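The primary structure of each chain is shown beneath.
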Amino acid sequence: MKLLALHLLFLASICLVRSQDNDEDVRRIMKEMAVIPDILDEPPRQLLRVKYDNTFDIEEGKTYTPTELKFQPRLDWNADPESFYTVLMICPDAPNRENPMYRSWLHWLVVNVPGLDVMKGQPISEYFGPLPPKDSGIQRYLILVYQQSDKLDFDEKKMELSNADGHSNFDVMKFAQKYEMGPPVAGNVFQSRWDEYVSELMKTLYGVSE
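As named in an unreviewed UniProt entry, the protein is Odorant-binding protein A5, taken from Drosophila erecta. According to its UniProt record, the protein has this under Sequence similarities (unreviewed entry): "Belongs to the phosphatidylethanolamine-binding protein family."

Structural data, given as structure tokens:
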């Protein structure tokens, strides 16, 4: 029994160290990729684990194609099951990093998420994946989680995916301050560049061909 207890304690300590390393990595990468100070004043406290299509986990800072990111991901963080959260995804580099005149473009917003159950939250903007224009180069994308003080009443109306209103020039820090949510409790950042799926998505959402 003593050996078993020591073994379990050893495994738990390894998991804790790995978790701390991941949290330090996401803070470092957020600074290296200029998320701080471009978009946030403070980094997320912990790494947000993001899994797309139930097949691969997002590695913070890496580049993926829009085809790989077209479906809503599964999220995991150290959530309090009794708390409510806001989940959002933004692109600060719309239409490109050199001229981000639409900073930030909102790709996903779900509020009043109970614990980890995003599907039971209140969607304000349904998920749609990266839309980097053909000649925009690499764009950054952030998925952030904010802890709410309680279940809240949000002023924002549900957004139509086909309407740029509400999606363009979304100020994530002002939004968080408006609802007194403080800095993000979890987050991840990755990059994407144009592929053929962008043209398909543009036609579906806006009826235009790129």
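Novice: Any details on the overall build of the protein? Residues and values, ideally.
Specialist: A tally of helices and strands in the protein yields 4 helices and 10 strands. The secondary structure elements of the protein, listed N-terminal to C-terminal, are α-α-β-β-β-β-β-β-β-β-β-α-β-α. Here the protein holds 210 residues, and 45% of them are scored as buried. In the protein, of all internal contacts separated by at least 6 residues, the share reaching a separation of at least 24 is 72%.

Novice: Pulling in residues and values, what's your account of the packing of aromatic side chains?
Specialist: On inspection of all chains with the given rule, the structure shows 13 aromatic pairs. Relative to Y64, the ring of F56 has its centre 5.6 Å away and its plane inclined at 20°; by these criteria the two rings are stacked. With a centroid separation of 6.1 Å and an interplanar angle of 15°, the aromatic rings of Y141 and F190 are classed as stacked. Of the two residues, Y141 is situated in strand β9 (residues 139-147) and F190 in strand β10 (residues 186-192); the sequence distance between them amounts to 49 residues.

Novice: How would you summarise the confidence of the model for the protein if you had to cite specific residues and measurements?
Specialist: Confidence along the protein averages 90 in pLDDT terms, with 89% of residues attaining 70 or more. Counted against residues more than four places away or in other chains, residues 5-18, with its pLDDT under 50, gives 0 contacts.

Novice: Lay out the pairing of strand β6 (residues 84-91) with the relevant residues and their values.
Specialist: With 8 of 8 residues buried, β6 lies mostly within the body of the structure. Note that β6 and strand β7 (residues 105-114) share 7 bridges and pair antiparallel. What sits directly across from Y85, in β7, is V113. Alignment of β6 against β9, held across 6 bridges, turns out to be antiparallel. Bridge pairing in β9 links I90 to L142.

Novice: Please provide a residue-by-residue account of the nonpolar core, values included.
Specialist: The biggest cluster of nonpolar side chains holds 32 residues, and the ones touching the most others in it are Y52, L75 and F190. Elements with a minimum of two residues in this core: β2 (49-52), β6, β7, β9, β10 and α4 (196-206). No other element matches the 5 residues that α4 contributes to this core. Residues in contact with L75, not counting those within four places in the same chain, are L48, R49, V50, V87, W108, L116, V118 and I143. With 28 residues, the next largest nonpolar core counts V35, F154, A176 and M181 among its residues.

Novice: Just give me the short version of the side chain of T86, but keep the residues and values in it.
Specialist: Checked against the element boundaries, T86 lands in strand β6. Excluding residues within four positions of it along the chain, T86 makes contact with L109, V110, V111, L144, V145, Y146, Q148, F154, F175 and M181.

Novice: Go over the sheet that holds strand β3 (residues 56-57) with me, naming the residues and quoting the values.
Specialist: The 3 strands lie next to each other as β3-β2-β5, forming an open sheet whose pairing is antiparallel. If you trace the sheet from one side to the other, it starts and ends with β3 and β5 (74-76), each paired once. Strand direction decides the pairing type here: β2 and β5, joined by 3 bridges, are antiparallel. If you follow V50 over to β5, its bridge partner there is L75.

Novice: Explain the environment of K151 to me, and be specific about the residues and the numbers.
Specialist: The topology assignment puts K151 in the loop between β9 and α3 (172-178). Under the relative-accessibility criterion, K151 is labelled exposed at 58%. Along the sequence, K151 and V111 sit 40 residues apart, while their C-alpha atoms lie 8.7 Å from each other.

Rules of the game
Residues numbered from 1 in each chain as written. Predicted model: local features only at pLDDT ≥ 70, side-chain atom pairs only at ≥ 80, totals over all residues. Heavy atoms only, no water. UniProt positions renumbered as here; feature names shortened; annotations may be inferred. Helix = DSSP H or I, 4+ residues; strand = E, 2+ residues; numbered from the N terminus. Buried < 20%, exposed > 50% of the residue type's maximum accessible area, 1.4 Å probe, protein only. Contact = heavy atoms within 4.5 Å. Phe/Tyr/Trp six-rings, centres within 6.5 Å; stacked < 30°, edge-to-face > 60°. pLDDT = per-residue confidence, 0-100. Pairing = 2+ DSSP bridges. Core = buried A, V, L, I, M, F, W, Y, C linked by side-chain atoms within 4.5 Å.

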